[in-house]
Amino acid sequence: MNQTALQTYWGLMATIRYRFETLAELSTSNVPRFSKAELAAFHGRKIVEAIAFGCLVATENGLRQVPRDAKGKWNAQEILLSLKSKKISAFPSPSKIRYPDNFTGDEVNVRAVIEGIPERRLTHDELVGIYKRFHAWLHELNPYIQPNRDAFHDSHIQSLITDIERVRDFIERHFISINGEGFFATLWDSVDSEVKVQSLSRTTEKIERRN
């Protein structure tokens, strides 16, 4: 187990949780609605960037290296598309985990069962699309193209809310792995509500993954 990778991944997940909690506080604040939306998009974009960094950490954990054209970048779109182009499969899969005390008779030799949650999944392209939509809020509006801030807000706010909800569902509880090495992470543990990341390896324990 790579303890450094585990701690780095935990740190990224803790940062993502902090940003979701900030978004929750922001939603009930007295900040003007356009400024509130801008701040929400700002945090949403940073969440996607942290997810992309997490893919790099998982890649290094499993392959012991990171592609040169991805390492050192901060743009989530460039990182995700670089990994996709190289067919590197380290990408979060919304999942839940079960351990032996819940197993049925035919599972007694399985140390962990990872069950996918298909309805919460996003593809690389869908996550990049959300990232780009977040970015649209972060430029000052060009008065020759979009002179009315209220009109921009009203036409984009529902998409912003939906995108944030989809990203939260995607990353809240997930499994990410490559080459038999991976992490199961939850932003809000069901027991103590803490951020938890567990290292899982097919070489040391039998893991069954179900889609």
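Residues numbered from 1 in each chain as written. Predicted model: local features only at pLDDT ≥ 70, side-chain atom pairs only at ≥ 80, totals over all residues. Heavy atoms only, no water.

## Focus: the nonpolar core
Here comes step 1: Formed by 53 residues in total, the largest nonpolar core has its most connected members in Met13, Ile16, Phe20 and Leu127.
Here comes step 2: Elements that contribute at least two residues to this core include exactly helix H1 (3-27), helix H2 (33-63), helix H3 (76-85), helix H4 (124-135), helix H5 (149-171), strand S3 (173-178) and strand S4 (181-186).
Here comes step 3: The dominant element in this core, judged by the number of residues it contributes, is H2, at 13 residues.
Here comes step 4: Excluding its chain neighbours within four sequence positions, the residues that come into contact with Leu127 are Val48, Ile51, Leu80, Phe91, Leu122, Val167 and Phe170.
Here comes step 5: Formed by 6 residues, the second largest nonpolar core is a distinct cluster that contains Ile97, Ala112, Phe184 and Leu200. (Core = buried A, V, L, I, M, F, W, Y, C linked by side-chain atoms within 4.5 Å. Buried < 20%, exposed > 50% of the residue type's maximum accessible area, 1.4 Å probe, protein only. Helix = DSSP H or I, 4+ residues; strand = E, 2+ residues; numbered from the N terminus. Contact = heavy atoms within 4.5 Å.)

## Some words on unusual backbone geometry
Here comes step 1: For Lys87, which is not glycine, the phi dihedral falls at a positive 60°.
Here comes step 2: Along the chain, Lys87 falls in the loop between H3 and strand S1 (93-98).
Here comes step 3: Residue class for Lys87 comes out exposed when judged on its relative accessible area of 75%.
Here comes step 4: Look at Asn179: it is not a glycine, yet its phi comes out positive at around 60°.
Here comes step 5: Checked against the element boundaries, Asn179 lands in the loop between S3 and S4.
Here comes step 6: Relative accessible area serves as the criterion here: at 60%, Asn179 is assigned to the exposed category.

## Some points on the environment of Ala185
Here comes step 1: Looking at the secondary structure, you find Ala185 in strand S4.
Here comes step 2: Of the residues examined, Ala185 reaches a relative accessible area of 0% and is grouped as buried.
Here comes step 3: Placed 175 residues apart in sequence, Ala185 and Trp10 show a C-alpha to C-alpha distance of 8.0 Å.
Here comes step 4: Those residues within four positions of Ala185 in sequence are excluded, and the remaining contacts are Tyr9, Met13, Glu172, Arg173, His174, Lys196 and Val197.

## Notes on H2
Here comes step 1: Taking 1.5 Å per residue, 31 residues should reach 45 Å; H2 reaches 45 Å between its end C-alpha atoms and fits that length.
Here comes step 2: Positive phi shows up at Arg64, right after H2, with a value of about 65°. (Expected span 1.5 Å × (residues − 1).)

## What about the packing of H4 against H5?
Each pair of packed helices gets described by two things: the angle between the helix axes and the distance between those axes.
Here comes step 1: Look at H4 against H5: their axes get within 10 Å of each other, and the N-to-C directions meet at 140°. As judged from the angle between their axes, H4 and H5 are oblique. When the axes of H4 and H5 are compared, the crossing they make is left-handed. For the pair formed by H4 and H5, the contact residues are Glu126, Leu127, Ile130, Arg133 and Phe134 on the first element and Ser159, Leu160, Asp163, Ile164, Arg166, Val167 and Phe170 on the second.
Here comes step 2: Its residues placed into classes, the contact of H4 with H5 shows 7 nonpolar, 1 polar and 4 charged. (Axes fitted to C-alpha atoms, helices over the stretch in contact; angles between N-to-C directions. Parallel < 35°, antiparallel > 145°, perpendicular 65-115°, else oblique. Left-handed = near helix turned anticlockwise from the far one by under 90°. Nonpolar A, V, L, I, M, F, W, Y, C, P; charged D, E, K, R; others polar.)

## Some words on the packing of aromatic side chains
Here comes step 1: Counting across every chain of the model gives 5 aromatic pairs.
Here comes step 2: Where Phe34 meets Trp137, the ring centres are 5.7 Å apart and the plane angle is 50°; that geometry is what we call tilted. Of the two residues, Phe34 is situated in helix H2 and Trp137 in the loop between H4 and H5; the sequence distance between them amounts to 103 residues.
Here comes step 3: The buried category is assigned to Phe34, whose relative accessible area is 7%.
Here comes step 4: Note on Trp137: relative accessible area 3%, which makes it buried.
Here comes step 5: Ring pairing ties together the aromatic residues Phe34, Trp137 and Phe152, which thus form one cluster.
Here comes step 6: One residue, Arg45, lies across the ring of Tyr131, its end atom 3.8 Å from the ring centre. (Phe/Tyr/Trp six-rings, centres within 6.5 Å; stacked < 30°, edge-to-face > 60°. Lys NZ or Arg CZ within 6 Å of the ring centre and 35° of its normal.)

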